[in-house]
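The primary structure of each chain is shown beneath.
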Amino acid sequence: MLSPMSAETTRPQDAPANWGGIVKHLGPGLIVTACIVGSGELIGTPLAGADNGFSLLWFIIMGCVIKVFVQVELGRAAVSRGMTTLELMDSVPGPRLIVSWLIWCFVVMFICVFFQLGGIVGGVAQVFKAGGMGFEDKPLAVLLAALAVTLWACVKYKLFAKPETAWFIASVVLLVYLFAPSGWLNSDRSVALIVSALTVSLLASGQYQHVERFSVAMVLLFMAATSYALYALQTTTGPLAAKAITGANIAEGLRFKLPENLGTAFAAFGMIGVGASELIYYPYWCLEKGYSRNIGPHEDSPGWYARAHGWLKIMRIDAWISMVIYTSATVVFFLLGAAMLQGTGVSDKTMIPDLSKMFSSLGPMGLKIFLVGAFMVLFSTLVSASASNARLLADTLVLYKIKSRPKDQSARQHLVRQCCVFIPCACAVLFVFLGKPVTMVLIGGVAQAFMLVPLSGAALYFRYRTTPGPLRPGMLWTMMLWISALAMTVVGLYMVQDQLRKQFAPKPPAQEKSFLIKNRSLGA
């Protein structure tokens, strides 16, 4: 498709050298951070602390840091070549059927991601239900409100070829509701529709700035809430004072000692930091931010390479700053889980009350603050991931020749807007009809684990074959890239076999745990 960095509105320009100018050009990493600081940090990371105490702290930090090398390498190839990630993946040699074999691998994962996002929609619905905000007694009102918001966004941004399409969709939805079984639109499903409609209203414009601002706000609020909970734990008095984190606890976590069960360490590695989806769509946000557009079309000249080095440096700063933010959030939740949940466990049916124990140092308001934080985490993940995956869907439709290549940026923006509406609606529909968020997240988690393997290989291929020679990294960075790629490959293969084994192994019903609790998926 027409790449978002097409130089049709701005001329190439040098990268700013002062921090004031650099900060103005940061942002892609914050969008990805809003996706990363999601159900894994809310659920998976505290459980890692609860199961292993403080001993995995060093591994949690390393897992967040090491993946950045693959993330930056994918961004380097995309920005320097002015191509989207999927266009780069389509250039990888090997068997082809319309598109490259790597794109086919991606499509399998991408389909499964829809189920995963549907599971996140269900997670948001459960948060509302835990807060006593169900809408099961007003199903028709909820349906009409969600339908009105969604269709308003579509009409406002002219996403339908004909206005009559809105009336047709409304009629079909109402007919489904009239013939549906009584009580079918329960509390969870009702909230799922509202959440989907809110997501559509935020994303229908398709504008990068809207997603960036929303992501920054949600991440900052989330960080403030969790940091305050940790501070309250350290300064509390009474019985909870015994759970305050000490220097000895931190020292234990930094001993670089793996647990006896290596599977625990691998699972922890998989549940934190960037996953396969984030690795793929991070370069898209770099392109929309204008990094490649500012470099300009490729020229074998000193001026072009100087501009490229400058903007790639800003991209690296963006990636590392976002890494510090999501690593900080991950560590805070890990410490809270290790301090407050160790030895207690978390069950599927009482997941929200159990996890809210991390906020018990805040007193009676702890549960309410946790519910607000949980909503911010899951909803920001849904919005950011929907916006990101809309770019991937638009690109995929063009690569498969289902949609014609957009002729200009306006046409491309229109296609992205349509995808921004389709994805939240599709995810809500999946949850409404399936109603099994645990299984839905499991599907996406296994698929993303599998995708880590070829994606790591693709990053190495781009480093040696795609990125222009003068822009390739040095020996130290290349060594860390190899370590990162190999680690992700090992973990990806392990997670696939482990999740499949757990899925098909017989378990007594009373002992079953939620996949969201015991096995964090690899991202949204």
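Residues numbered from 1 in each chain as written. Predicted model: local features only at pLDDT ≥ 70, side-chain atom pairs only at ≥ 80, totals over all residues. Heavy atoms only, no water.

Describing the overall build of the protein
Per the secondary structure count, the protein includes 22 helices and 2 strands. Per-residue burial over the protein gives 58% buried out of 524 residues. Considering only contacts in the protein between residues 6 or more positions apart, those separated by 24 or more positions represent 85%. Roughly 21500 Å² of accessible area belongs to the protein as shown, and the carbon and sulfur atoms make up 66% of that amount. (Helix = DSSP H or I, 4+ residues; strand = E, 2+ residues; numbered from the N terminus. Buried < 20%, exposed > 50% of the residue type's maximum accessible area, 1.4 Å probe, protein only. Contact = heavy atoms within 4.5 Å. Areas by Shrake-Rupley, 256 points an atom, 1.4 Å probe, with all protein chains shown as cover.)

Some points on the nonpolar core
Looking at soluble globular proteins, one finds that nonpolar side chains tend to be buried together. The biggest cluster of nonpolar side chains holds 133 residues, and the ones touching the most others in it are Leu-86, Met-89 and Phe-106. With 21 residues, the top contributor of residues to this core is helix H16 (residues 302-340). (Core = buried A, V, L, I, M, F, W, Y, C linked by side-chain atoms within 4.5 Å.)

Quick look at unusual backbone geometry
Most peptide bonds adopt trans geometry, and most residues besides glycine take a negative phi value. In this structure, Ile-98 takes a positive phi of about 75° despite not being glycine. As for its placement among the helices and strands, Ile-98 is situated in the loop between strand S1 (96-97) and strand S2 (99-100).

A look at the packing of helix H5 (residues 68-81) against H16
Running from amino to carboxyl end, H5 crosses H16 at an angle of 150°, the nearest separation of the two axes being 10 Å. Our classification of the angle between H5 and H16 gives roughly antiparallel. Read as a crossing pair, H5 and H16 show a hand that is right-handed. Of the residues in H16, those touching H5 at Val-68, Phe-69, Gln-71, Val-72, Gly-75, Arg-76, Val-79 and Ser-80 are Trp-304, Leu-312, Met-315, Arg-316, Ala-319, Trp-320, Met-323 and Tyr-326. A class-by-class count of the residues in the contact of H5 with H16 yields 11 nonpolar, 3 polar and 2 charged. (Axes fitted to C-alpha atoms, helices over the stretch in contact; angles between N-to-C directions. Parallel < 35°, antiparallel > 145°, perpendicular 65-115°, else oblique. Left-handed = near helix turned anticlockwise from the far one by under 90°. Nonpolar A, V, L, I, M, F, W, Y, C, P; charged D, E, K, R; others polar.)

A look at the pattern of salt bridges
Counted according to the given criterion, the structure contains 5 salt bridges. The salt bridge involving Arg-412 is made with Glu-288; its shortest N-O contact spans 3.1 Å. Of the two residues, Arg-412 sits in helix H19 (residues 409-434) while Glu-288 sits in helix H14 (residues 276-289), which places them 124 residues apart along the sequence. In this structure Glu-288 comes out as buried when scored by relative accessible area, which is 13%. Sharing partners across several salt bridges, the network here consists of Glu-288, Arg-391 and Arg-412. (Salt bridge = Lys/Arg side-chain N within 4 Å of Asp/Glu carboxyl O.)

Let's talk about the side chain of Ser-388
Note on placement: Ser-388 falls in helix H18 (residues 366-399). Looking at Ser-388, the relative accessible area reads 1%, which means it is buried.

A look at the side chain of Ser-196
Relative to the helices and strands, Ser-196 resides in helix H10 (residues 187-203). A relative accessible area of 6% places Ser-196 in the buried class. When neighbours within four sequence positions are excluded, Ser-196 is seen to be in contact with Pro-424, Cys-425 and Ala-428.

Overview of the packing of aromatic side chains
Considering all chains together, one arrives at 13 aromatic pairs under this definition. Each ring, one from Phe-69 and one from Trp-477, has its centre 4.7 Å from the other, and the planes form 65°; the classification is edge-to-face. In this pair, Phe-69 sits in helix H5 while Trp-477 sits in helix H21 (residues 475-504), placing the two residues 408 residues apart along the sequence. Of the two residues examined, Phe-69 and Trp-477, each falls in the buried class. With a centroid separation of 6.4 Å and 90° between ring planes, the pair formed by Trp-320 and Trp-477 is classed as edge-to-face. Here Trp-477 lies in helix H21 and Trp-320 lies in helix H16, a separation of 157 residues in the sequence. Connected via pairs of aromatic rings, a cluster forms that spans Phe-106, Phe-110, Phe-114 and Phe-422. For the cation-ring pair, Arg-463 lies above Tyr-464, with the distance from its terminal atom to the ring centre recorded as 4.4 Å. (Phe/Tyr/Trp six-rings, centres within 6.5 Å; stacked < 30°, edge-to-face > 60°. Lys NZ or Arg CZ within 6 Å of the ring centre and 35° of its normal.)

Some words on helix H4 (residues 57-66)
Across the 10 residues of H4, 7 count as buried, placing the element largely inside the fold. Among all positions in H4, only Leu-57, Trp-58, Phe-59, Ile-60, Gly-63, Cys-64 and Ile-66 are buried.

Some thoughts on the environment of Ala-458
Residue placement: Ala-458 occurs in helix H20 (residues 437-466). For Ala-458, a relative accessible area of 2% gives the class buried. Taking C-alpha positions, Ala-458 is 8.9 Å from Leu-88, a pair spaced 370 residues apart along the chain.

Focus: a nonpolar patch on the surface
A surface patch of nonpolar side chains, amounting to about 560 Å² of accessible area, comprises Phe-168, Val-172, Val-176, Val-429, Phe-433 and Leu-434. Those elements that place two or more of their residues in the nonpolar patch are helix H9 (164-179) and H19. Relative to the helices and strands, Leu-434 resides in helix H19. (Patch = residues over 30% accessible without salt bridge, like charges linked within 9 Å, V, L, I, M, F, W, Y side chains within 5 Å.)

Structural notes on the confidence of the model for the protein
Put simply, the protein has an average pLDDT of 80, and 80% of its residues get 70 or more. Highest mean pLDDT in the protein belongs to H5 (95); lowest belongs to helix H22 (residues 515-518) (43). Contacts from residues 510-524, a stretch scored under 50 in pLDDT, to residues over four places away or in other chains number 61 contacts. (pLDDT = per-residue confidence, 0-100.)

Observations regarding the state of the cysteines
Inspection of the entire model under this criterion finds 0 disulfides. For the unlinked cysteine Cys-419, the closest cysteine sulfur is that of Cys-420, found at 7.3 Å. In this structure Cys-419 comes out as buried when scored by relative accessible area, which is 3%. (Disulfide = S-S within 2.5 Å.)

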